[in-house]
Amino acid sequence: MKATDVIVQCLENEGVEFVFGIPGKETLDLVDSLSKSKQIQFVNVRHEQGAAFMADVYARLSNKAGVCLATLGPGATNLLTGISSAHLDHSPLVALTGQAPFERQHNESHQYLDIVNIFEPATKWAAQIKDSQTIPVMIRKAFKKALMDKQGAVILEIPENLASQMISNKPLAIKSIPPSIPVIEAFQSAKNLIQQFKKPFVIVGNGVIRQKAVEELQTFINSLQVPVIHSFMAKGILPKNHPQNYFTFGFNEQDEALSSIKEADLLIVIGFDFVEKLPKEWNKKKLPILHIDTLPAEINEYYPVEVELVGNIKEILREFNQLVISSKTWEPLGHHREQIMQAYQIHEKQIELDSLPLTIENILYIIESISTENTIVISDVGSHKVSIARTFQPKKPGRLIISNGLASMGIALPGSIGAKLACPIDPVICITGDGGGVMNFSEIETAKRLGLSLIIIVLNDSVLKLEQEMMNKMFGKSHGISFQNPDFVQLAESFGIKGRRADNLIEIEKTIKEALETSSEIVLIDVPVQN
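Residues numbered from 1 in each chain as written. Predicted model: local features only at pLDDT ≥ 70, side-chain atom pairs only at ≥ 80, totals over all residues. Heavy atoms only, no water.

**Q** An account of the sheet that holds strand β6 (residues 153-159) is needed here, citing residue identities and associated values.
**A** An order of β2-β1-β3-β4-β6-β5 is seen for the six strands of this open sheet, with the pairing classed as parallel. Looking along the sheet, the strands with just one partner apiece sit at the ends: β2 (41-44) and β5 (125-128). Here the strands of the sheet are splayed against their neighbours by 20 degrees on average, with no regard to which way each runs. Looking at chain direction, β5 and β6 are connected through four bridges and run parallel. By the bridge assignment for β6, W125 is matched with V154. On top of the sheet, helix α3 (residues 48-62) reaches β1 (18-21), β3 (66-70) and β4 (93-99); it is set at about 170 degrees to β3, its chief contact. (Pairing = 2+ DSSP bridges. Helix = DSSP H or I, 4+ residues; strand = E, 2+ residues; numbered from the N terminus. Axes fitted to C-alpha atoms, helices over the stretch in contact; angles between N-to-C directions. Contact = heavy atoms within 4.5 Å.)

This is the structure we're talking about:
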């Protein structure tokens, strides 16, 4: 059997449904082998960066590793941003790239770069397949590493001369790893630590969602009765109306939720990734830490760990919930939860749209009001991401996709394609600025060709607003942050999708409702917003 046929068998064995990528000379054998698969669909995209973003978001929502493919040289390097984004956001991704044959790798050669060394800092594992007989081992190892916590990206390089070799190897059996939990003495130490303090405060991160520990976390909070704040990527773990929900932290400016910590005497940090916000930004008082995560705590002056519970978060919380721990009921002084809601523009009651200005916060109110618990909202990166992290309240954890590790502009549109393929019956709403949106607008053609239905909201202000705000604060002026946009409605129509311009909230609500009701096409909504 041809080596690339064995690769495809191994991918099928891992449960792969989609491979996102662009063919090149060095990967033609693999693409040909993919064409014979009855399980895997090869999705040819318009840019390799888009392929990596699609694989990233597909992985977050499907509970499988996403897979992307590129040829050598420029094809592989085009993957780097998307792979780095998946890695820092702890999304399981396996990238496959072509490479020059062995005889061309010892000196300067056309399109040859040392891809393994380029990608090592941006992945959990980067390797070249040097012997076709090792393909089943290398593929199994790649998926195991990508999926083990903390999850991340892996890249395998396939030299062209191996692709057509004939081998008889078969995929390796997949053996699940039983979840691990700490010894009972560690649980007792954690219980004793909590009992020593009067005002514990809980910080939750995306690890709770990755480990499917939401229900156990909610039980823990309901028993302990203490305030909770979420990282950007953990939004939705506690419902909007939960009395212990003090919403989101991690902003550079106006981080009202962080002031809730001022009265605390112990921080219980669960599944939090430092990549979202370093402890120096939220634990200036160096409060003692109870660390609950899949890996031991990083050494950090502002993260003074007293007790660690390391292992499977779901099982740790399930075991912890069996212990009898007295509730520590307390809340920050001064109706602080209500102050946060007012500052973040989080509404509990219905409001009249015709009396409101056209702002991103009010657009988010509309989306939140219309959406169901299965609606997937994907944010690009820019000033609107900050508004989404503050204001939008998803009805279910894991349904708001925010990139907050590498935080790369351009993720939302291709990511929406990955989301729709992972959850084909669920509504997907992409919110992007005009800066990040234009970076990967070519993937609209990919979505159209696949017959997907999406809503794309483009916030059109012809400026990099976040950078403008920062420059104005630093220098009293801004420079190099403005540009001109195409006519987004005409651009949408040129791709064969619906384009609509909405100049007020009433029109936005009507257009989104109509798009959700049809649920069979792509609709782009151009929203001119004042700078």
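**Q** So, the layout of surface pockets: which residues are in play, and what are the values?
**A** As a volume, the largest pocket reaches approximately 1,400 Å³. Taken together, 43 residues line the largest pocket, and the ones lying closest to its centre are L147, D149, Q151, R210 and K212. Contributing elements (two or more residues each) for the lining of the largest pocket: α3, α6 (135-147), α9 (207-210) and β14 (400-401). For the lining of the largest pocket, the element with the highest residue contribution is α6, accounting for four residues. For the lining of the largest pocket, the per-class residue count stands at 19 nonpolar, twelve polar and twelve charged. Taken as a whole, the second largest pocket encloses approximately 1,200 Å³ of empty space. Forming the boundary of the second largest pocket are 46 residues, of which G382, S383, V386, L466 and E469 lie nearest the centre. Of all the secondary structure elements, the ones that give two or more residues to the lining of the second largest pocket are α12 (336-344), α13 (360-370), α14 (383-391), α16 (434-439) and α18 (465-475). When its residues are assigned to classes, the lining of the second largest pocket shows 19 nonpolar, 15 polar and twelve charged. (1 Å grid on protein atoms, 1.4 Å probe; cavity = no way out; pocket = protein on both sides within 12 Å on 5 of 7 lines; lining within 4 Å. Points joined across faces, edges and corners; volume = space filled by probe spheres on them. Nonpolar A, V, L, I, M, F, W, Y, C, P; charged D, E, K, R; others polar.)

**Q** So what's going on with the environment of I203? Residues and values would help.
**A** Secondary-structure assignment places I203 in strand β7 (residues 200-204). The buried category is assigned to I203, whose relative accessible area is 0%. A sequence separation of 106 residues divides I203 from L309, and the C-alpha atoms of the two residues are 15 Å apart. Every residue in contact with I203, bar those within four places of it in the chain, is listed here: I229, F249, I261, L267, I268, V269, I270, F272 and W282. (Buried < 20%, exposed > 50% of the residue type's maximum accessible area, 1.4 Å probe, protein only.)

**Q** Before we move on, could you go through a nonpolar patch on the surface and cite the residues and values that matter?
**A** On the surface, L88, V275 and L406 cluster together into a nonpolar patch covering about 190 Å² of accessible area. Mapping L88 onto the fold places it in helix α4 (residues 74-88). (Patch = residues over 30% accessible without salt bridge, like charges linked within 9 Å, V, L, I, M, F, W, Y side chains within 5 Å. Areas by Shrake-Rupley, 256 points an atom, 1.4 Å probe, with all protein chains shown as cover. Salt bridge = Lys/Arg side-chain N within 4 Å of Asp/Glu carboxyl O.)

**Q** Can you tell me about unusual backbone geometry, naming the residues and giving the values?
**A** Of note, the bond from D149 into K150 is cis; its omega dihedral lies within 30 degrees of zero at -5 degrees. Mapped onto the fold, K150 is located in the loop between α6 and β6. Phi at H335 is positive, roughly 50 degrees, even though this residue is not glycine. The class for H335 is exposed, based on a relative accessible area of 60%. Backbone geometry places A407, a non-glycine residue, at a positive phi of 55 degrees. Its place among the elements puts A407 in the loop between β14 and α15 (412-422).

**Q** A description of the environment of I431 should follow, citing residues and the corresponding values.
**A** By secondary structure assignment, the location of I431 is in strand β15 (residues 428-433). Given a relative accessible area of 1%, I431 falls into the buried group. As for I431 and V377, which are separated by 54 residues in sequence, their C-alpha atoms are 7.4 Å apart. When sequence neighbours within four positions are dropped, the list of residues in contact with I431 reads I360, L364, I367, V377, I378, S379, D380, H384, I388, A412, I457 and L459.

**Q** Give a description of the pattern of salt bridges that names residues and reports values.
**A** A full pass over the atoms with the stated rule returns 27 salt bridges. Among the ionic pairs, E160 bridges to K25, the shortest N-O distance being 2.7 Å. One end of the pair, E160, is in helix α7 (residues 160-163); the other, K25, is in the loop between β1 and α2 (28-35), with 135 residues separating them in the sequence. In this structure, K150 engages D273 in a salt bridge whose closest nitrogen and oxygen atoms are separated by 2.9 Å. Here K150, found in the loop between α6 and β6, pairs with D273, found in the loop between β10 (266-270) and β11 (289-293); they are 123 residues apart in sequence, far enough to count as distant. By the burial criterion, K150 is buried, and D273 matches it. Counted as one network, the salt bridges with shared partners bring together K2, D5, D29, D32 and K36.

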